[in-house]
Amino acid sequence: MNAKIKLELTENLEDYLYDIFEILKIAPIARIKDIAKKRNVKLSSAVIAAKSLAEKGLINYQKYEYITLTEKGLKIAKEIENKKRILYKFLTEILKVTPETAQRDAHKMEHDLSEETIKKIIEFTKNFKGSS
C-alpha cells in the first residue's frame with residue numbers, strides 16, 4: 001500500500017510533506033504562509049501542493065484552515081526522515097563527507113535511490129564497526 005502512495009508522490013510533493021512534518025515538530029499547527037516561507041515559494045504554489053497532498057489523504061487541509069498530517073502522511077514523513085538520517089550517517093560517519101555536503105546529498109539520495117539500495121545502506125550502516 002505504501003509503495004503505491006510513494007509512486008504517486010513527486011519529489012516536490014515529498015519535500016512539501018516533509019517540510020510540513022518539520023514545521024509541526026516545532027509548532028502545533030502549520031499554515032500555508034509557513035510552508036511557503038520554508039520552501040521559499042509563492043503562497044499559490046504552497047496552496048497547489050497542499051491541495052494535492054490533501055487529495056492523496058496525506059494532510060488535512062481546507063482553505064483558510066490550519067494544516068495537519070494524517071496518519072498516512074505522518075507515516076510517510078517519518079519514513080523520509082529515517083532515510084535522510086541513515087543516509088546522512090552513512091555519508092558522514094562511513095564516507096567522512098562534510099556535514100553540509102552530507103545533508104545536501106542525503107536529500108538527493110533519498111529521492112533517487114531505490115528502496116533496495118537504501119535498505120542495503122541501512123544494513124551496512126548498522127553492521128559497520130568503524131576502523132579508524
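The structure under discussion appears in the preceding block.
Attention in this report is confined to the structure presented alongside it. Small disclaimer: the values here were computed from a predicted structure and weren't measured. (Residues numbered from 1 in each chain as written. Predicted model: local features only at pLDDT ≥ 70, side-chain atom pairs only at ≥ 80, totals over all residues. Heavy atoms only, no water.)

1. A few points about the packing of helix α2 (residues 11-26) against helix α5 (residues 71-94)
Just so we agree on the cut-off: Axis angles are defined between N-to-C directions and span 0 to 180 degrees, where every axis is a line fitted to C-alpha atoms and, for a helix, only to the segment in contact. Secondary structure follows DSSP: runs of H or I at least 4 residues long count as helices, runs of E at least 2 residues long count as strands, and numbering of each begins at the N terminus. Oblique is the label for any angle not under 35 degrees, not over 145, and not in the 65 to 115 range, which are roughly parallel, roughly antiparallel and roughly perpendicular in turn. By definition in these notes, contact holds between two residues if any of their heavy atoms fall within 4.5 Å. When residues are grouped by polarity, Ala, Val, Leu, Ile, Met, Phe, Trp, Tyr, Cys and Pro land in nonpolar, Asp, Glu, Lys and Arg in charged, and all others, Gly among them, in polar.
Between α2 and α5, whose axes approach to 9 Å, the crossing angle comes to 95 degrees. Relative to α5, α2 is oriented roughly perpendicular. On α5, the residues touching E14, L17, Y18, F21 and K25 of α2 are G73, L74, I76, A77, K78, I80, E81 and K84. Residues belonging to the contact of α2 with α5 are distributed by class as follows: seven nonpolar, one polar and five charged.

2. Here we look at the nonpolar core
Here is the rule: Among buried residues, those of type Ala, Val, Leu, Ile, Met, Phe, Trp, Tyr and Cys that are joined through side-chain atoms within 4.5 Å constitute a nonpolar core. We call a residue buried when its accessible area falls under 20% of the maximum for its residue type, exposed when it is over 50%, and partly exposed in between, using a 1.4 Å probe and counting protein chains only.
By size, the foremost hydrophobic cluster in this structure holds 24 residues, and its most contacted members are L9, L17, I20, I35, L53, I59 and I67. Contributions of two or more residues to this core are made by α2, α3 (32-39), α4 (43-55) and α5. Of the residues forming this core, the biggest block, seven residues, is contributed by α2. Aside from chain neighbours lying at most four places away, what touches L17 is L9, L53, L58, I59, L69, G73, I76 and A77.

3. Section: the layout of surface pockets
A water-sized probe rolled over the atoms picks out the places where empty space is left. Selection rule: Here a cavity denotes a set of grid points, spaced 1 Å apart and computed over the protein atoms alone, in which a 1.4 Å probe fits but from which it cannot get out, and a pocket denotes an open set meeting protein on both sides within 12 Å along at least five of seven lines; residues with an atom within 4 Å of a point are reported as lining. Grid points are joined across faces, edges and corners, and a volume is the space filled by probe spheres set on the points.
Its boundaries defined by the atoms lining it, the second largest pocket holds a volume of some 260 Å³. Looking at the second largest pocket, the residues that line it are D15, Y18, D19, E22, R39, K84, R85, Y88, Q103, R104, A106 and H107. Of all elements in the fold, only α2, α5 and α6 (99-112) reach the threshold of two or more residues within the lining of the second largest pocket. Along the lines of polarity and charge, the residues of the lining of the second largest pocket split into three nonpolar, two polar and seven charged.

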